[in-house]
Amino acid sequence: MSLRSRPSGNASLDTLLPGGGWPLGGLIEILVEKMDNSELGLLLPALAALTRARQRVAIIGAPNALDSRRLVAAGIDLDHLSRIDSSVSDTHWSAEQYLRAGGCAAVVLWQSRDDYRQLRNLQLAAEGGTALAFVFRSAAAVDQPSPAALRIKIAMGEQGRRIEILRCRGILDA
């Protein structure tokens, strides 16, 4: 059995991640101190590689408008990017549908409220496919339960961004 993953685009991060990259077939929860779209920078290398390979990426519920120039500068092919600004009640449904339909190589969602059931539904949808499934949540949720296969926390410190892996469950090919 082998671990299914896609490179993150950051060699030092890949050494920490299971299988040498972002795991496939499970929800990846990223806890951040402040949700303002800057956290997307961690994912841009992987998302750029996917869109350059003509694979669809969905970004759902970003807290602020995305800067197309920043995305293009990071290598994102906008022709293969779906951006959905939806109400809080619709964001999870949209992400779930993208994951279940299998039409995207990656789905990125910002979760503005805590709902374990919605996270569980996203985890189940991710398990049924081969897409990268990311959800950004507030770092305040660190002590709350989560069904995510990979849970990491990003904190900014004096020496820059610090990434802490809180939980990592092996995701194996069947």
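Let us look at the structure shown here. Computed from a predicted structure; not experimentally measured.

Conventions we followed
Residues numbered from 1 in each chain as written. Predicted model: local features only at pLDDT ≥ 70, side-chain atom pairs only at ≥ 80, totals over all residues. Heavy atoms only, no water. Helix = DSSP H or I, 4+ residues; strand = E, 2+ residues; numbered from the N terminus. Core = buried A, V, L, I, M, F, W, Y, C linked by side-chain atoms within 4.5 Å. Buried < 20%, exposed > 50% of the residue type's maximum accessible area, 1.4 Å probe, protein only. Pairing = 2+ DSSP bridges. 1 Å grid on protein atoms, 1.4 Å probe; cavity = no way out; pocket = protein on both sides within 12 Å on 5 of 7 lines; lining within 4 Å. Points joined across faces, edges and corners; volume = space filled by probe spheres on them. Nonpolar A, V, L, I, M, F, W, Y, C, P; charged D, E, K, R; others polar. Axes fitted to C-alpha atoms, helices over the stretch in contact; angles between N-to-C directions. Contact = heavy atoms within 4.5 Å. Lys, Arg positive; Asp, Glu negative; His and termini not counted. Salt bridge = Lys/Arg side-chain N within 4 Å of Asp/Glu carboxyl O. Polar contact = N/O pair within 3.5 Å; in protein donor to acceptor, adjacent residues only side chain to side chain. Phe/Tyr/Trp six-rings, centres within 6.5 Å; stacked < 30°, edge-to-face > 60°.

## Considering the environment of Gln 97
Turning to step 1, where the next piece is worked out: Within the secondary structure, Gln 97 is located in helix 4 (residues 88-101).
Turning to step 2, where the next piece is worked out: Put simply, Gln 97 and Leu 122 are 25 residues apart on the chain and 9.4 Å apart in space, counted from C-alpha to C-alpha.

## Re the nonpolar core
Turning to step 1, where the next piece is worked out: Core analysis: the largest hydrophobic core is formed by 32 residues, its most contacted members being Trp 22, Ile 30, Leu 40, Leu 43, Ile 59 and Val 108.
Turning to step 2, where the next piece is worked out: For this core, the secondary structure elements donating two or more residues are strand 3 (27-32), helix 2 (44-52), strand 4 (57-60), strand 6 (106-110), strand 7 (132-138) and strand 8 (150-157).
Turning to step 3, where the next piece is worked out: Per-element tally for this core: the top contributor is helix 2, with five residues.
Turning to step 4, where the next piece is worked out: Listed in part, the 16 residues of the second largest apolar core include Ala 58, Ile 60, Ala 95 and Leu 122.

## Here's the deal with the pairing of strand 6
Turning to step 1, where the next piece is worked out: In terms of burial, strand 6 is largely enclosed, as five of its five residues are buried.
Turning to step 2, where the next piece is worked out: Side chains Ala 106, Val 108 and Trp 110 of strand 6 all project onto a buried face; the interleaved residues Val 107 and Leu 109 project onto the opposite face, where all are buried too.
Turning to step 3, where the next piece is worked out: When strand 4 meets strand 6, the two strands line up parallel, connected through four bridges. Opposite Ile 59, over in strand 6, you have Val 108 as the bridge partner.

## Structural notes on the layout of surface pockets
Turning to step 1, where the next piece is worked out: Of the pockets and cavities examined, the largest pocket occupies roughly 180 Å³.
Turning to step 2, where the next piece is worked out: Every residue along the wall of the largest pocket is listed here: Val 32, Glu 33, Lys 34, Asp 36, Ser 38, Glu 39, Ile 154, Ala 155, Met 156 and Arg 161.
Turning to step 3, where the next piece is worked out: In terms of residues, the lining of the largest pocket owes the most to one element, strand 8, which gives three residues.
Turning to step 4, where the next piece is worked out: The residue makeup of the lining of the largest pocket, split by class, is four nonpolar, one polar and five charged.

## Quick word on the sheet that holds strand 4
Turning to step 1, where the next piece is worked out: One open sheet accounts for seven strands, arranged 5-4-6-7-3-8-9; its pairing is mixed. Both outer strands of the open sheet, strand 5 (81-84) and strand 9 (160-168), are each paired with one neighbouring strand and no more. Each strand of the sheet is rotated relative to its neighbour by a mean of 15°, with strand direction disregarded.
Turning to step 2, where the next piece is worked out: Strand direction decides the pairing type here: strand 4 and strand 5, joined by four bridges, are parallel. Across the sheet, the residue bridging to Ile 59 is Arg 83, located in strand 5.
Turning to step 3, where the next piece is worked out: Where helix 5 (residues 116-127) meets the sheet, its contacts fall on strand 3, strand 6 and strand 7, and the angle it forms with strand 3 comes to roughly 140°.

## Some remarks on helix 2
Turning to step 1, where the next piece is worked out: Along helix 2, the positions that sit buried rather than exposed are Leu 44, Ala 46, Leu 47, Ala 48, Leu 50 and Thr 51.
Turning to step 2, where the next piece is worked out: In the core, the buried residues of helix 2 are packed alongside strand 1 (5-6), strand 2 (22-23), strand 4, helix 3 (68-73), strand 6 and strand 7.
Turning to step 3, where the next piece is worked out: Arg 54 sits one or two positions beyond helix 2 and adopts a positive phi of about 65°.

## Quick notes on the side chain of Asp 14
Turning to step 1, where the next piece is worked out: Tracing the backbone through its elements, the reader meets Asp 14 in helix 1 (residues 11-16).
Turning to step 2, where the next piece is worked out: Of the buried charged residues, Asp 14 lacks a salt bridge, with Arg 6 as the closest side chain of opposite charge at 12 Å.
Turning to step 3, where the next piece is worked out: Among the polar contacts made by the side chain of Asp 14, one reaches the side chain of Ser 8 at a distance of 2.6 Å.
Turning to step 4, where the next piece is worked out: When residues no more than four places from it in sequence are discounted, the contact partners of Asp 14 are Pro 7, Ser 8, Gly 9, Gly 20 and Gly 21.

## Description of the packing of aromatic side chains
Turning to step 1, where the next piece is worked out: Considering all chains together, one arrives at two aromatic pairs under this definition.
Turning to step 2, where the next piece is worked out: Taking the centre distance of 5.1 Å and the plane angle of 90° together, the rings of Trp 22 and Phe 134 count as edge-to-face. Taken together, the residues span a long stretch of sequence, with Trp 22 in strand 2 and Phe 134 in strand 7 at a distance of 112 residues.
Turning to step 3, where the next piece is worked out: Classification of Trp 22 by relative accessible area gives buried; the value is 0%.

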